[in-house]
2 protein chains.
Amino acid sequence: MAALKYSRQREAIKEFLLSRKDHPTADMVYTSLREEYPNLSLGTVYRNLSLLADRGEILRLRVGDGTDHFDADVSPHYHFICTGCGSVIDLEMENIDQIEDIAGVNFNGQIYGHVTYFYGKCGACCKRELS
Amino acid sequence: MAALKYSRQREAIKEFLLSRKDHPTADMVYTSLREEYPNLSLGTVYRNLSLLADRGEILRLRVGDGTDHFDADVSPHYHFICTGCGSVIDLEMENIDQIEDIAGVNFNGQIYGHVTYFYGKCGACCKRELS
DNA sequence: TCTAATATCAGTAATCATTACTGTTTATTC
DNA sequence: GAATAAACAGTAATGATTACTGATATTAGA
């Protein structure tokens, strides 16, 4: 893997992602960083997010709302998407990699990985509906 | 749920999906049906696919390649996406709904469902790489 | 069966997220 | 400190999808 040339923009993008737990989209990254870097370009945000995702430094989440979300936490974990407010929340749960073995039983190819998203109502939305 | 007015186009779209096992995209539906219905509109295809998906008559699959795929088989089953050729294949596997219980252990909201895609090399791509 | 009401259609324009292009700036190397 | 090339800002282009508009076709009622 070729070495990257340092850039303040990429550094700021990764710093920003590390500081957040809410899995921002490219546009959210752009809008937020614009305050500190007024002439940051949206193309730069997209290019660096893809670059970092390709290198495995961040995760690209396709949660189904049509726009990609990003996560700087690359440790194995799962995500929950609230159908009420759309928020993307980390789940702390035990490993379920055995589902790949289950899926492979009647399959004649090779399974290398899986992506799972859980859907429902988040705690805040549940609470709001009660009142 | 309001009753739908019959339309030959919607009928043809659903018939087409039922006849296929390869989970076509909107554009694939449009291109194929155009042979029989030369003045079918792409907008009609999109509108009816969304309509059918909203009513639960078909499934919308967001496999991660940027375009939605559709499946007329609404019985519970899982999908495999080949990273070699991009094909979307049905998996015959035992139920893994218990992962929702596992996910809910340390979570303060309600989990109503999950979406799982398995990734890897399909049988044909495995074979091709050997030769 | 005829007609009115309206859902659906075809065709096209608009939107949105994302990517590609171009000339300029900036980090690295010597 | 100058040469090289990666990365940038700004903008144009792309591709999937949605929205709009006037025409057509299905359904319900007379």
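Let us look at the structure shown here.

Scoring rules and cut-offs
- Throughout, a residue's number is its position along its own chain's written sequence, starting from 1.
- Numbering of ligands from 1 and lettering of chains from A proceed in the order in which they are written.
- Confidence filtering applies because this is a predicted model: local features only for residues at pLDDT of at least 70, side-chain atom pairs given and counted only at 80 or more, and all residues used for totals across whole chains, interfaces and linings.
- Hydrogens are left out, water is left out, and the side-chain values use all remaining heavy atoms of the structure.
- Throughout, near means a residue has at least one heavy atom within 4 Å of the molecule or strand.
- Polar contacts here mean pairs of N or O atoms no more than 3.5 Å apart (in protein, one a potential hydrogen donor and the other a potential acceptor; neighbouring residues in sequence count only if both atoms are side-chain atoms).
- Throughout this entry, Asp, Glu, Lys and Arg are counted as charged residues, while Ala, Val, Leu, Ile, Met, Phe, Trp, Tyr, Cys and Pro are counted as nonpolar. The remaining residues, Gly among them, count as polar.
- Note on geometry: axes are lines fitted to C-alpha atoms, helical ones only across the stretch in contact, with angles between N-to-C directions running from 0 to 180 degrees.
- Strands are runs of DSSP state E lasting at least two residues, helices are runs of H or I lasting at least four, and both sets are numbered from the N terminus onward.
- By the definition adopted for this analysis, an angle is roughly parallel if under 35 degrees, roughly antiparallel if over 145, roughly perpendicular if from 65 to 115, and oblique otherwise.
- The contact criterion used is simple: two residues touch if any of their non-hydrogen atoms lie within 4.5 Å.
- The term buried area denotes the loss of accessible surface (1.4 Å probe radius) that occurs when two parts are joined, taken as the sum for both partners.
- At least two DSSP bridges between two strands are needed for those strands to be called paired.
- With a 1.4 Å probe rolled over the protein chains alone, any residue whose accessible area is under 20% of its type maximum counts as buried; one over 50% counts as exposed, and the rest are partly exposed.

Re the protein's contact with DNA strand D
Line of reasoning, step 1. In the vicinity of DNA strand D there are 21 residues, among which S7, Q9, T44 and R47 of chain A together with Y46 of chain B approach most closely.
Line of reasoning, step 2. Taking all atoms of DNA strand D within 4 Å of the protein, the share assigned to sugar and phosphate is 76%.
Line of reasoning, step 3. One of the backbone nitrogen or oxygen atoms of K5 of chain A is found 3.0 Å away from a phosphate oxygen of DNA strand D.
Line of reasoning, step 4. Q9 of chain A places a polar side-chain atom, nitrogen or oxygen, 2.8 Å from a sugar or linking oxygen of DNA strand D.
Line of reasoning, step 5. Here the surface near DNA strand D is built from residues that sort into five nonpolar, nine polar and seven charged.

Regarding the packing of helix 1 (residues 8-18) of chain A against helix 2 (residues 26-34) of chain A
Residue and element names in this part refer to chain A.
Line of reasoning, step 1. Where helix 1 meets helix 2, the closest approach of the two axes is 11 Å, and the angle between their N-to-C directions is 105°. In terms of orientation, helix 1 and helix 2 fall into the roughly perpendicular class. For the pair formed by helix 1 and helix 2, the contact residues are A12, I13, F16 and L17 on the first element and M28, V29, S32 and L33 on the second.
Line of reasoning, step 2. Class assignment of the residues belonging to the contact of helix 1 with helix 2 gives a composition of seven nonpolar, one polar and no charged.

Thoughts on the interface of chain B and chain A
Line of reasoning, step 1. On the side of chain A, 34 residues touch chain B, which itself brings 33 residues to the contact.
Line of reasoning, step 2. Counting each side, the surface lost to burial between chain B and chain A is near 2700 Å², with a carbon and sulfur contribution of 68%.
Line of reasoning, step 3. In terms of surface lost to chain A, no three residues of chain B exceed I102, F107 and F118 of chain B, which account for 18% of the buried area on that side.
Line of reasoning, step 4. Contributing elements (two or more residues each) for the side of chain B that touches chain A: strand 4 (88-91), helix 4 (98-104), strand 5 (110-121) and helix 5 (123-130) of chain B.
Line of reasoning, step 5. Here the side of chain B that touches chain A gets twelve residues from one element, more than from any other, and that element is strand 5 of chain B.
Line of reasoning, step 6. Where strand 5 (residues 110-121) of chain A meets strand 5 of chain B, eleven bridges bridge the pair, whose relative direction is antiparallel. Across the sheet, residue Y117 of chain A finds its bridge partner in strand 5 of chain B, namely V115 of chain B.

What to know about the environment of L42 of chain B
Residue and element names in this part refer to chain B.
Line of reasoning, step 1. Mapped onto the elements, L42 comes out in helix 3 (residues 42-54).
Line of reasoning, step 2. Judged by its relative accessible area of 29%, L42 is partly exposed.
Line of reasoning, step 3. Taking the C-alpha atoms as reference points, L42 and G86, separated by 44 residues in sequence, lie 23 Å from one another.
Line of reasoning, step 4. Setting aside residues up to four positions removed in sequence, L42 forms contacts with A26, D27 and Y30.

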